[in-house]
Amino acid sequence: MLTPPELVWLIAAVAKGDEEAFERLYAATRAKLYGVVLRILRRQDLAEDVIQDTYVRIWNGAGQFDPARASPITWMASIARNRAIDIVRRKGEIAIEEEQGALEVAAETPDPLARRDMTEELKRLLECIGRLQPDRQRLVLLAYYNGWSREQLAAKFEAPVNTIKTWLRRSLLDIRECLGL
């Protein structure tokens, strides 16, 4: 993986239409972005489509990237993640419901590449999520990691939308308290 300053330079070159820089940026970041998308969608065919769309958006939006607001990988990952979440919301039948145990995998074990780059802050966050009741863990992960709507969560947990909102709020308060915020 290239360093953040190298990625900033590549994005600036992409903004000027440099195809070689775009190829280097793609080669350096594809695996990470694909991992983000695949974790959300759980389907390779959809993940590949989203990655293609993500890089088109990166090519077209490189001029708007501001390194003062976000790191290059954060900016690119947010484009990929938001696109994947859009797909999940549009196709409510996708994602986690198709794979029994997928929630537990997402909740308990980050992928090996992510674990290597995991910051202490993220480790603390995961520990705090792990202290929630299992249903609340699933609720928080589906809402904030997988991008499920309140309506989808209400159907999954067989509870009114307002109850889902309350559960999420209380869970977030518990997480904040655990983090000392």
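Just above, that's the structure.
These remarks concern the structure in this document. (Residues numbered from 1 in each chain as written. Predicted model: local features only at pLDDT ≥ 70, side-chain atom pairs only at ≥ 80, totals over all residues. Heavy atoms only, no water.)

### Remarks on the overall build of the protein
(1) Moving on: Looking only at helices and strands, the protein has 10 helices and zero strands in total.
(2) Moving on: Looking at the protein as a whole, 39% of its 181 residues qualify as buried.
(3) Moving on: Taking the contacts inside the protein whose residues are at least 6 apart along the sequence as the reference set, 61% of them involve residues at least 24 apart.
(4) Moving on: As presented, the protein carries roughly 10,800 Å² of accessible surface, and 50% of it is formed by carbon and sulfur atoms. (Helix = DSSP H or I, 4+ residues; strand = E, 2+ residues; numbered from the N terminus. Buried < 20%, exposed > 50% of the residue type's maximum accessible area, 1.4 Å probe, protein only. Contact = heavy atoms within 4.5 Å. Areas by Shrake-Rupley, 256 points an atom, 1.4 Å probe, with all protein chains shown as cover.)

### Quick notes on the environment of Arg 138
(1) Moving on: If you trace the backbone, Arg 138 turns up in helix α8 (residues 134–144).
(2) Moving on: Spatially, the C-alpha atom of Arg 138 lies 9.8 Å from that of Leu 153, the residues being 15 residues apart in sequence.

### Quick look at the packing of α8 against helix α9 (residues 150–157)
The relative placement of two packed helices is expressed as an angle between their axes plus a distance between the axes.
(1) Moving on: Running from N to C, α8 and α9 point in directions that differ by 150°, and their axes come no closer than 10 Å. One element, α8, and the other, α9, form an angle in the roughly antiparallel class. Crossing of α8 over α9 shows right-handed handedness. For the pair formed by α8 and α9, the contact residues are Asp 135, Arg 138, Leu 139, Leu 142, Ala 143 and Tyr 144 on the first element and Arg 150, Leu 153, Lys 156 and Phe 157 on the second.
(2) Moving on: Its residues assigned to classes, the contact of α8 with α9 shows six nonpolar, no polar and four charged. (Axes fitted to C-alpha atoms, helices over the stretch in contact; angles between N-to-C directions. Parallel < 35°, antiparallel > 145°, perpendicular 65-115°, else oblique. Left-handed = near helix turned anticlockwise from the far one by under 90°. Nonpolar A, V, L, I, M, F, W, Y, C, P; charged D, E, K, R; others polar.)

### Digging into the nonpolar core
For soluble globular proteins, nonpolar side chains are generally found buried alongside one another.
(1) Moving on: One finds Leu 25, Leu 33, Val 37, Leu 41, Ile 58, Leu 153 and Ile 164 to be the most contacted residues of the largest nonpolar core, which totals 47 residues.
(2) Moving on: Looking at this core, the elements that each hand over two or more residues are α1 (4–15), α2 (19–41), α3 (44–61), α4 (72–90), α7 (120–130), α8, α9 and α10 (161–179).
(3) Moving on: Looking at which element gives the most residues to this core, the answer is α4, with 10 residues.
(4) Moving on: Beyond its immediate sequence surroundings of up to four residues, Val 37 is in contact with Ala 47, Val 50, Ile 51, Ala 80 and Ala 84. (Core = buried A, V, L, I, M, F, W, Y, C linked by side-chain atoms within 4.5 Å.)

### With respect to the state of the cysteines
(1) Moving on: Taken as a whole and judged by the stated rule, the model has one disulfide.
(2) Moving on: Paired by a disulfide, Cys 128 and Cys 178 hold their sulfur atoms 2.1 Å apart. Since a negative S-S torsion denotes a left-handed disulfide, the Cys 128-Cys 178 link at about -75° is left-handed. With Cys 128 in helix α7 and Cys 178 in helix α10, this residue pair connects regions lying 50 residues apart in the sequence. (Disulfide = S-S within 2.5 Å.)

### Some details on α4
(1) Moving on: End to end, α4 covers 27 Å across 19 residues, agreeing with the expected 27 Å (1.5 Å per residue, within 8%).
(2) Moving on: For α4, the set of buried residues is Pro 72, Ile 73, Trp 75, Met 76, Ala 77, Ile 79, Ala 80, Arg 83, Ala 84, Ile 85, Ile 87 and Val 88.
(3) Moving on: Structurally, α4 contributes buried residues whose contacts are with α1, α2, α3 and α9. (Expected span 1.5 Å × (residues − 1).)

### Brief notes about the packing of aromatic side chains
How two aromatic rings sit relative to each other is set out by the distance from centre to centre and by the angle between their planes.
(1) Moving on: Enumeration over the complete set of coordinates arrives at four aromatic pairs.
(2) Moving on: Chaining the aromatic ring pairs together yields one cluster made of Phe 22, Tyr 26, Tyr 55 and Trp 59.
(3) Moving on: The ring of Tyr 34 has Arg 30 sitting right over it, with the charged end atom 4.9 Å from the ring centre.
(4) Moving on: Above the face of the Trp 167 ring, Arg 136 is positioned so that its terminal group lies 4.0 Å from the ring centre. (Phe/Tyr/Trp six-rings, centres within 6.5 Å; stacked < 30°, edge-to-face > 60°. Lys NZ or Arg CZ within 6 Å of the ring centre and 35° of its normal.)

### Examining the pattern of salt bridges
Side-chain pairs of opposite charge can arise where the charged atoms are in close proximity.
(1) Moving on: According to the stated counting rule, one finds five salt bridges in the structure shown.
(2) Moving on: Members of the salt-bridge network, linked through shared partners, are Asp 53, Arg 57 and Arg 83. (Salt bridge = Lys/Arg side-chain N within 4 Å of Asp/Glu carboxyl O.)

### Here's the deal with unusual backbone geometry
(1) Moving on: Of note, the phi angle at Arg 42 is positive, near 60°, even though the residue is not glycine.
(2) Moving on: With respect to the secondary-structure elements, Arg 42 resides in the loop between α2 and α3.
(3) Moving on: The phi dihedral of Glu 158 is positive, around 50°, even though this residue is not glycine.
(4) Moving on: With respect to the secondary-structure elements, Glu 158 resides in the loop between α9 and α10.
(5) Moving on: Residue Glu 158 is classed as exposed on the basis of its relative accessible area, which comes to 76%.

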